[in-house]
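# Summary of the model geometry
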Amino acid sequence: MRLLTGDQSNNNTFQFVPYRISAISGVVLTEGFDQLRSIAWVHAWTVTDGVITQVREYFNTWLTVTRIGNSKGSDCAAISNPHCPSVWKSSLSGRVGKSLPGLVLAI
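These lines cover the structure that appears in this document, whether it is placed above or below. Position numbers for residues start from 1 in each chain and track the written sequence from start to end. Local features in this predicted model are restricted to residues whose pLDDT is 70 or higher, and side-chain atom pairs enter the listing and the counts only when it is 80 or higher, whereas totals over whole chains, interfaces and linings include all residues. Note that the side-chain values use all heavy atoms of the structure and ignore hydrogens as well as water.

### With respect to the overall build of the chain
Helix and strand content of the chain: 1 helix and 7 strands. Labels follow the DSSP assignment, with helices taken as runs of H or I lasting at least four residues and strands as runs of E lasting at least two, numbered in each case from the N terminus. Each helix and strand of the chain, placed in order from N terminus to C terminus, yields the pattern α-β-β-β-β-β-β-β. For every residue, the accessible area (1.4 Å probe, protein chains only) is compared with the maximum for its type, and the residue is labelled buried under 20%, exposed over 50%, or partly exposed between those bounds. Per-residue burial for the chain yields a buried fraction of 31% across its 107 residues. Counted over contacts in the chain with a minimum sequence separation of 6, partners at least 24 positions apart contribute 48%. Areas reported as accessible are Shrake-Rupley estimates using a 1.4 Å probe. Residue values count occlusion only from the protein chains shown. Total accessible area on the chain stands at roughly 6800 Å², and carbon and sulfur atoms take up 53% of it. Any two residues whose heavy atoms approach within 4.5 Å at even a single point are treated as in contact.

### A word on the pattern of salt bridges
Throughout this description, the term salt bridge denotes a Lys or Arg side-chain nitrogen within 4 Å of a carboxyl oxygen of Asp or Glu. Under the definition given, this model contains 1 salt bridge. The residue R20 makes a salt bridge to E31 at a minimum N-O spacing of 3.1 Å. Of this pair, R20 sits in strand β1 (residues 18-24) while E31 sits in strand β2 (residues 27-34), and the two are 11 residues apart along the sequence. R20 sits in the partly exposed class, given a relative accessible area of 26%.

### Considering the packing of aromatic side chains
Aromatic contacts are taken between Phe, Tyr and Trp rings whose centres are within 6.5 Å, Trp giving its six-membered ring; a plane angle under 30 degrees counts as stacked, one over 60 as edge-to-face, and the others as tilted. Throughout the structure, instances matching the rule amount to 1 aromatic pair. Measuring from ring centre to ring centre gives 5.8 Å for Y19 and F33, while their planes differ by 70°; the resulting arrangement is edge-to-face. One end of the pair, Y19, is in strand β1; the other, F33, is in strand β2, with 14 residues separating them in the sequence. Classification of Y19 as partly exposed rests on a relative accessible area of 42%.

### Looking at the pairing of strand β3 (residues 39-48)
Of all 10 residues in β3, 7 are buried; the element is thus mostly enclosed. Between any two strands, pairing holds if DSSP finds at least two bridges. Direction of pairing for β2 relative to β3: antiparallel, over a ladder of 8 bridges. Note on β3: the bridge partner recorded for V28 is W45. Two successive antiparallel strands, β2 and β3, enclose a turn made up of 4 residues, where S38 displays a positive phi of approximately 55°. Relative to strand β4 (residues 51-59), β3 is paired through 8 bridges, and the arrangement is antiparallel.

### Structural notes on the pairing of β2
In terms of residue burial, β2 counts as a mostly covered element, since 7 of its 8 residues are buried. One ladder, built from 6 bridges, connects β1 with β2; its direction is antiparallel. Across the sheet, residue R20 finds its bridge partner in β2, namely E31. Counting the residues in the hairpin turn of β1 and β2 gives 2 residues, including S25, whose phi is positive at 50°.

### Section: the sheet that holds strand β5 (residues 62-66)
The 3 strands are arranged β6-β5-β7 in an open sheet whose pairing can be described as mixed. Only two strands of the sheet have a single neighbouring strand rather than two, namely β6 (86-89) and β7 (102-106). Strand after strand, the sheet turns through a mean of 25° between neighbouring axes, direction not considered. As judged from the 5 bridges shared by β5 and β7, these two strands associate in the parallel manner. Of the residues in β7, the one forming a bridge with T66 is A106. Lines fitted to C-alpha atoms define the axes here, with helix axes fitted over just the stretch in contact, and angles between the N-to-C directions of these axes take values from 0 to 180 degrees.

Given below as structure tokens:
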């Protein structure tokens, strides 16, 4: 796990180099990969009033982001249509050369 945190106590350095950055309703999504190690990663940063208030890290996971409710952050009871549209999908699983498990992040 020290590899992912950027600890450089050994010679196996790892740098988070973003491939794609997107912003959706107060969430900034950053995606990148390391071809040498067959690692794909996604960071989801929740930003409130210009401050990062939450960080989620997904490692070797195919991530799909869907929108629930309106952009004001309403709860699920306010959803009139049960279909939650996909607003963002990972694009790097093919670059790491292996199948990845899927996960849905609802915002």
